[in-house]
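Chain residues, written in single-letter form:
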Amino acid sequence: GESVGLHLPTLSVQEGDNSIINCAYSNSASDYFIWYKQESGKGPQFIIDIRSNMDKRQGQRVTVLLNKTVKHLSLQIAATQPGDSAVYFCAENKGAGGTSYGKLTFGQGTILTVHP
Amino acid sequence: GAGVSQSPSNKVTEKGKDVELRCDPISGHTALYWYRQSLGQGLEFLIYFQGNSAPDKSGLPSDRFSAERTGGSVSTLTIQRTQQEDSAVYLCASSLMGAGFRETQYFGPGTRLLVL
């Protein structure tokens, strides 16, 4: 079936490096994508989102890139800090209309570990 | 301001017992969502409430699962005759408007359910 998935389950980086977390999706009808950060024992925290009419969106130290041609999404974190260590999930929202707007389909998650 | 709150934070129960999980959404948010997160997995959509509309129950895994939302605010997720495979973190989220909008969903800390 259609799903959202991640290429790499774990990523280890040194403090100060840039991190790139990747996500593949298979549903071409998806038109809204979100990245969440989940720290141990906590609920997911919104990081950044992007709509399908865009290919890039920047936030504070984070950038999301969307390539609809290959159905690929990435999260770039600049100058990664130890506090960025967490599990990162991509999620999609399908544009089928009606009540399906509320459903988010999540990927498996990537564990980011930042070493000081 | 106050975020989404959930109670209890942890619940241990015996197989076959019923459990009730509570979610208090952010004040003023009309949409409320329940997700389930199994160990090391992404989030799985369960059910979605938006205002006074009939809830989208398409993600509920069996008829042992039910949820209600009273007065458009607090929601309770009930699992009857719990099974060991029900063990997971149950996450609640809310958003301002819900259906028809691409909105940020704000998550609570979750309830960790362990069925022995």
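Everything below is about the structure shown above.
## Observations regarding the overall build of chain A
1) Next: Counting secondary structure elements, chain A contains 0 helices and 11 strands.
2) Next: The helix and strand sequence of chain A, counted from the amino end, reads β-β-β-β-β-β-β-β-β-β-β.
3) Next: In chain A, which comprises 116 residues, the proportion classed as buried is 42%.
4) Next: Working note: accessible area of chain A is about 5,500 Å², and carbon and sulfur atoms make up 47% of it.

## Comments concerning the side chain of B:Ser75
1) Next: Counting through the fold element by element, B:Ser75 comes out in strand E7 (residues 75–79).
2) Next: In this structure, B:Ser75 is in contact with B:Leu21, B:Arg22, B:Cys23, B:Leu32, B:Trp34, B:Phe49, B:Glu68 and B:Arg69, ignoring residues within four places of it in sequence.

## Some points on the interface of chain B and chain A
1) Next: The interface of chain B with chain A comprises 23 residues on the first partner and 24 residues on the second.
2) Next: Contact between chain B and chain A buries roughly 1,900 Å² in total, counting both sides, with carbon and sulfur atoms accounting for 51%.
3) Next: The tally of links from chain B across to chain A stands at 0 salt bridges.
4) Next: In this assembly, chain B and chain A are joined by 4 residue pairs in polar contact (both at pLDDT 80 or more).
5) Next: Going through the elements one at a time, strand E4 (31–37) and strand E5 (43–50) of chain B are the ones with two or more residues in the side of chain B that touches chain A.

## Observations concerning the state of the cysteines
Residues and elements named next belong to chain A.
1) Next: Within the structure shown, the criterion is met by 2 disulfides over all chains.
2) Next: A sulfur-sulfur separation of 1.9 Å characterises the disulfide bridge that pairs cysteine 23 with cysteine 90. An S-S torsion of about 60° defines the bridge between cysteine 23 and cysteine 90 as right-handed. One end of the pair, cysteine 23, is in strand E3 (residues 19–25); the other, cysteine 90, is in strand E9 (residues 86–94), and 67 residues separate them in sequence.

## Some remarks on the pairing of E7(B)
Consecutive side chains of a regular strand alternate in pointing toward one face of the sheet and then the other.
All names here are of chain B.
1) Next: With 5 of its 5 residues buried, E7 lies for the most part within the structure.
2) Next: Residues Ser75, Leu77 and Ile79 line one face of E7 and the alternating positions Thr76 and Thr78 line the opposite face, and both faces are buried.
3) Next: Summarising the sheet, strand E3 (residues 19–24) and E7 pair through 5 bridges and their orientation is antiparallel. Considered in E7, the bridge of arginine 22 is made with threonine 76.
4) Next: Pairing between strand E6 (residues 65–69) and E7: 5 bridges, direction antiparallel. Bridging from a neighbouring strand, serine 66 pairs with threonine 78 of E7.
5) Next: Following E6, the chain reverses through 5 residues before pairing antiparallel with E7; glycine 71 in that reversal takes a positive phi of roughly 60°.

## Observations regarding the sheet that holds E3(B)
Working definition: the strands of a sheet are paired by backbone hydrogen bonds and lie parallel or antiparallel to each other.
Residues and elements named next belong to chain B.
1) Next: The strand order across the open sheet formed by 4 strands is E1-E3-E7-E6, and the pairing between neighbours is antiparallel. Both edges of this open sheet fall to strand E1 (5–7) and E6, since each of them pairs with a single strand only. Shown here is a sheet whose adjacent strand axes are inclined to one another by a mean of 15°, direction ignored.
2) Next: By the bridge criterion, 3 bridges tie E1 to E3 in an arrangement that is antiparallel. Along E3, the bridge assignment pairs glutamine 6 with cysteine 23.

## Quick word on unusual backbone geometry
1) Next: The linkage connecting B:Ser7 with the following residue, B:Pro8, adopts the cis geometry, with an omega of -10°.
2) Next: Residue placement: B:Pro8 occurs in the loop between E1 and strand E2 (10–13).
3) Next: Residues other than glycine seldom take positive phi values, yet A:Ala79 does so here, at roughly 50°.
4) Next: Following the sequence through the fold, A:Ala79 ends up in the loop between strand E8 (72–77) and E9.
5) Next: A:Ala79 gets classed as partly exposed once you look at its relative accessible area, which sits at 35%.
6) Next: The backbone of B:Arg81 sits at a positive phi, close to 45°, despite the residue not being glycine.
7) Next: By relative accessible area, which is 42% here, B:Arg81 ends up partly exposed.

Rules used in this analysis
Residues numbered from 1 in each chain as written. Chains lettered and ligands numbered in written order. Predicted model: local features only at pLDDT ≥ 70, side-chain atom pairs only at ≥ 80, totals over all residues. Heavy atoms only, no water. Helix = DSSP H or I, 4+ residues; strand = E, 2+ residues; numbered from the N terminus. Buried < 20%, exposed > 50% of the residue type's maximum accessible area, 1.4 Å probe, protein only. Areas by Shrake-Rupley, 256 points an atom, 1.4 Å probe, with all protein chains shown as cover. Contact = heavy atoms within 4.5 Å. Buried area = accessible area lost by both parts, 1.4 Å probe. Salt bridge = Lys/Arg side-chain N within 4 Å of Asp/Glu carboxyl O. Polar contact = N/O pair within 3.5 Å; in protein donor to acceptor, adjacent residues only side chain to side chain. Disulfide = S-S within 2.5 Å. Pairing = 2+ DSSP bridges. Axes fitted to C-alpha atoms, helices over the stretch in contact; angles between N-to-C directions.

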